[in-house]
Each structure stands twice: as C-alpha cells, then as structure tokens.
Amino acid sequence: MKKVAVVFNGGTISMKVDERLQAAVPSLSGEDIMSLVTGVEDYAKVENHTFSSLPSPHVTPKLMLELSKFVQDLANREDIDGIVVTHGTDTLEETAYFLDLTTNTKKPIVVTGAMRSSSELGYDGPFNLATSICTAISDEAYGRGVLVCFNGELNDSIEVTKANSMALNAFRTPNFGPIGVVDNNNVIFYRKGKKGVKLNPKNMDKDVALIKCVSGMGSEFIDFSLDKGYKGLVIEAMGRGNVHQTMVKGIERAIKEDIHVIIVSRCFEGRVFESYGYEGGGKHLRNMGCIFGDTMPGQKARIKLLAAINSGKTVEEIRGIFEEGLYANH
Ligand code: ASP
C-alpha cells in the first residue's frame, strides 16, 4: 500500500467557530481532522505532520520557503509516495504555485483545504482531504507538478486561482478549466498541464510590489514602491496590458533603476499582448523593457518574480522565465 505524508498547515479546514467570537478560529489538530476522513486506511497509509495552524492571510513568502524545504525533505524520502498539504484558501494559490516553482520531485504534491469550517453544516475538509489522498497515490498524477484539489476537481497550481469567496468550488482555472477530476475515488486527467520552471531561492529577502491599475492612476504607487526598496513590480494593467500615460514615467524610472517590471492584466481571463502602440499601450511598455506575464493573475506573477529575484536571476533570465515560447523575441 502506498504511503502519503499529510502536512497540516492551518486554514479553515482546521477551524471551529468560537462561541464567544461567533467566528471561526484555528482549533483542530491534524489527528482530529484525519479522524473524520473515514475509510482512507483502505486506500493509503497516512503519516501526519504539523507545519502550522495559521490562517492563510498570515502566511508570508518566508514561510512558503520553509514549507517548500519541509515538503522537499518528505519527497526525498523513499518510503513516501505522495504529499498532501493543507492550507487556508485565501493565499492557497500563492503557496501552491511557490511549491511548484521550488520543489523538485515527480511525486504528486497536492494542496487542499476547506471552504466551510468544522462547525458548519457541509464541512468539506474530509472530502477534500480524501480526494487529495486519492490523487497523491495516483500513478496518473506522477510528474504533474503541484496540484490543487477541491470539490472533486483538480487544477494545475500554475493556473488555479480562488475565484469565489464562499463557494465549495472556489478554485478555478480561468481560460482552460480544471485539469482533471476525482470521481468515485478515481483520478482522471483530461489534459496536460503547463510546463513549469524551477527556481531555487536561498531566502526571500527581496520583495515585489503588486500594483493594480485603475482609471487615471499615475506613477505615485510606483515611486512609493521604489523609494521603499522593492526589487520588482508587478503591474496589473488594463485589458491587453495598457496603463494611463502618466504611469509611464514611473515605469521608466523603475527600468532605469534595474527593477523588473512584469505586466499582467486585471481582466479575469485572457493574456497580455503588445496590441496597442499609444503612450502607455502594451507595445510601448514592452519596447521600454517591461516583461509580459501571459494569463497570470497579479498575485501569482508576484510569486514567480519573487522566487526568480531571490534566486539571483538576471533581467534576461527573468524575461525568459516569463515569456519563453509565449512572445516573439525583440
Ligand atoms: N481565511 C481562511 C484562510 O485562508 C479561509 C480558508 O481557509 O478557507 O485561512
């Protein structure tokens, strides 16, 4: 029988409603949660580990790096066939993608959690854990990088985002849909995932700011970020990747100061492209030296840039990491 390491790491899956606060707080241990996943012993041997009991808004890039090392050590063990990591759903897509970028194994790594706490009717933690364990022991999941499993659906960690603040199927892949499903304990994949890059950050000391464009927004937030010492900027631009012309000055300053500028779109679906040649249009920004981030939402492009910068990658390497095979070379 295959063996799965389950790493408990907080989130709603480990929460109960506190009588006094009338709101959910961390309460359940890994053992408490596993005792609700009845029948799983017929499928896999499970080894429990506790990494944290944090709500995921408290998870930082530094903690993501520690978790990545923890997971890599488990993956290096010969007796472990797959790994499941629990996580609060709010920043789950960031940690899952970070794990994909920074771990090196063909063994399945599956990230899951719950949208309902254990005090609520319809607590989805045990089902999500059970389906994640089925995925972690699946031969089909081998070599697919980090997957996110919720509501019986499997999404590629590179593509997935939290698209609903309350629904059980909160995790979705815009543009392409889920990569597979867990149906009646069987794991079925319908398409290949994207090819992921591997990065090796030594620490997470350098930070990246994320700036979402709104109509009329100028360079103030860019100037603030540069003055504060941020080493990279992700700009969630409008539409195909366009900004107000008064933001161009800030972007020029950033590029002159060797700060990497990634352009993604604030649209939920679709990719950025150099379609527009006016001042602040995508063509103008890319000609200035901005790097395009394809279909990625800003928070995930930030994780990618964080991991790349803290791995000591050069501007050209970072351009390659984001654009290779997606955009014509200049
Ligand atoms: N706020 C919670 C967290 O991210 C939500 C959840 O886990 O679903 O920790």
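Quick look at the structure, then. Everything numeric in this text was worked out from a predicted model, so none of it was measured. (Residues numbered from 1 in each chain as written. Predicted model: local features only at pLDDT ≥ 70, side-chain atom pairs only at ≥ 80, totals over all residues. Heavy atoms only, no water.)

## A word on the overall build of the protein
As a reminder of what qualifies: Each helix corresponds to a stretch of at least 4 residues labelled H or I by DSSP, and each strand to a stretch of at least 2 residues labelled E; elements are numbered beginning at the N terminus. Radius of gyration: over C-alpha atoms. The globule rule applied is 2.2 Å multiplied by the number of residues raised to the 0.38 power. Any pair of residues with heavy atoms lying within 4.5 Å of one another is described as a contacting pair. Per-residue and other accessible areas follow the Shrake-Rupley method at a 1.4 Å probe size, with only the shown protein chains counted as cover for residues. Only four residue types enter the tally: Lys and Arg on the positive side, Asp and Glu on the negative side; His and the chain ends are excluded. Charge positions are represented by NZ for Lys, CZ for Arg, CG for Asp and CD for Glu.
Each helix and strand in the protein was counted, giving 9 helices and 16 strands. Rg of the C-alpha trace for the protein: 20 Å, near the compact-globule value of 20 Å for 330 residues, within the 12% margin. Expressed along its principal axes, the backbone C-alpha trace of the protein runs to roughly 60 × 45 × 35 Å. Nonlocal contacts in the protein, meaning residues at least 24 apart in sequence, comprise 74% of its contacts between residues at least 6 apart. When the accessible surface of the protein is split by element, carbon and sulfur atoms take 50% of a total near 14800 Å². With 37 positive and 41 negative side-chain charges, the protein shows a spacing of 4 Å between the two charge centroids.

## Quick word on the packing of helix H5 (residues 220–228) against helix H6 (residues 248–256)
Note the following rule: The angle between two axes is taken between their N-to-C directions and runs from 0 to 180 degrees, where each axis is a line fitted to C-alpha atoms and a helix contributes only its stretch in contact. In this scheme, roughly parallel covers angles under 35 degrees and roughly antiparallel covers those over 145, while 65 to 115 is roughly perpendicular and the rest are oblique. Residues are sorted three ways: Asp, Glu, Lys and Arg are charged, Ala, Val, Leu, Ile, Met, Phe, Trp, Tyr, Cys and Pro are nonpolar, and all the rest, Gly among them, are polar.
At their nearest, the axes of H5 and H6 sit 8 Å apart, and the two run at 25° to each other. Judged on the interaxial angle alone, H6 and H5 are roughly parallel. Packed against H5, whose contacting residues are Ile222, Asp223, Leu226 and Asp227, the element H6 presents Gly250, Ile251, Arg253 and Ala254 at the interface. A class-by-class count of the residues in the contact of H5 with H6 yields 4 nonpolar, 1 polar and 3 charged.

## So, the site of the ligand
Stated formally: To be near a molecule or strand, a residue needs just one of its heavy atoms within 4 Å of it. Pairs of N or O atoms are called polar contacts if they sit within 3.5 Å, as long as, within protein, a hydrogen donor faces a hydrogen acceptor (for residues adjacent in sequence, only side-chain-to-side-chain pairs).
As a matter of local geometry, the ligand sits amid Gly11, Thr12, Pro55, Ser56, Pro57, Gly88, Thr89, Asp90 and Ala114. Here a nitrogen atom of the ligand and a side-chain polar atom of Asp90 are 2.9 Å apart. Contact with the protein chains covers 85% of the free accessible surface of the ligand, which is 260 Å². For the shell around the ligand, the per-class residue count stands at 3 nonpolar, 5 polar and 1 charged.

## Quick word on helix H2 (residues 61–76)
Defined as follows: To estimate how far a helix should extend, the number of its residues minus one is multiplied by 1.5 Å. Whether a residue is buried, partly exposed or exposed follows from its accessible area with a 1.4 Å probe, protein chains only, as a fraction of its type maximum: under 20%, in between, or over 50%, in that order.
Its 16 residues give H2 an end-to-end C-alpha distance of 22 Å, which sits within 8% of 22 Å, the value for a rise of 1.5 Å per residue. Taken together, the buried positions of H2 are Met64, Leu65, Leu67, Ser68, Val71, Gln72, Leu74 and Ala75. Taken together, the buried residues of H2 touch strand S1 (3–9), strand S4 (45–52), strand S5 (82–86), helix H3 (92–102), strand S6 (109–112) and helix H8 (298–309).

## A few points about the sheet that holds strand S15 (residues 260–265)
Under the convention used in this document: Two strands pair if DSSP finds at least two bridges between them.
Taking strand neighbours across the sheet as the criterion, the 4 strands line up as S13-S14-S15-S16 in an open arrangement whose pairing is parallel. A single partner strand is all that each edge strand has here, and the edge strands are strand S13 (208–212) and strand S16 (291–292). Both S13 and strand S14 (residues 232–237) contribute to a ladder of 5 bridges, which runs parallel. Paired with Ala209 across the two strands is Leu233, which belongs to S14. Relative to the sheet, H8 contacts S13, S14 and S15, its axis offset from that of S14 by approximately 160°.

## Some points on the pairing of S15
Every regular strand shows the same layout, with side chains that alternate between the two sheet faces. Here is the rule: Here is how to tell: hold the view so the strands point away, follow the path from the first strand over the helix to the second, and if it runs clockwise the crossover is right-handed.
Counting buried residues in S15 gives 6 out of 6 residues, a clear majority hidden from the surface. By the alternation rule, side chains of S15 split into His260, Ile262 and Val264 and Val261, Ile263 and Ser265, which are all buried. Judged from the 6 bridges that link them, S14 and S15 form a sheet pairing that is parallel. Bridge pairing links Gly232 to His260 in S15. Relative to S16, S15 runs parallel, the two being bridged by 2 bridges. Note on S16: the bridge partner recorded for Ile263 is Phe292. Taken together, S15, helix H7 (residues 282–288) and S16 constitute a β-α-β crossover, and its handedness is right-handed.

## Description of the pattern of salt bridges
Put simply, the rule is: Take a side-chain nitrogen of Lys or Arg and a carboxyl oxygen of Asp or Glu: if they are within 4 Å of each other, that pair is a salt bridge.
Within the structure shown, the criterion is met by 17 salt bridges. Note that Asp223 is salt-bridged to Arg253, the shortest N-O span being 3.0 Å. Here Arg253 lies in helix H6 and Asp223 lies in helix H5, a separation of 30 residues in the sequence. Salt-bridge contacts for Glu323 lead to Arg286; the nearest nitrogen and oxygen are separated by 2.7 Å. With Glu323 in helix H9 (residues 315–323) and Arg286 in helix H7, the pair connects residues that are 37 residues apart, well separated along the chain. For Glu323, a relative accessible area of 4% corresponds to the buried category.

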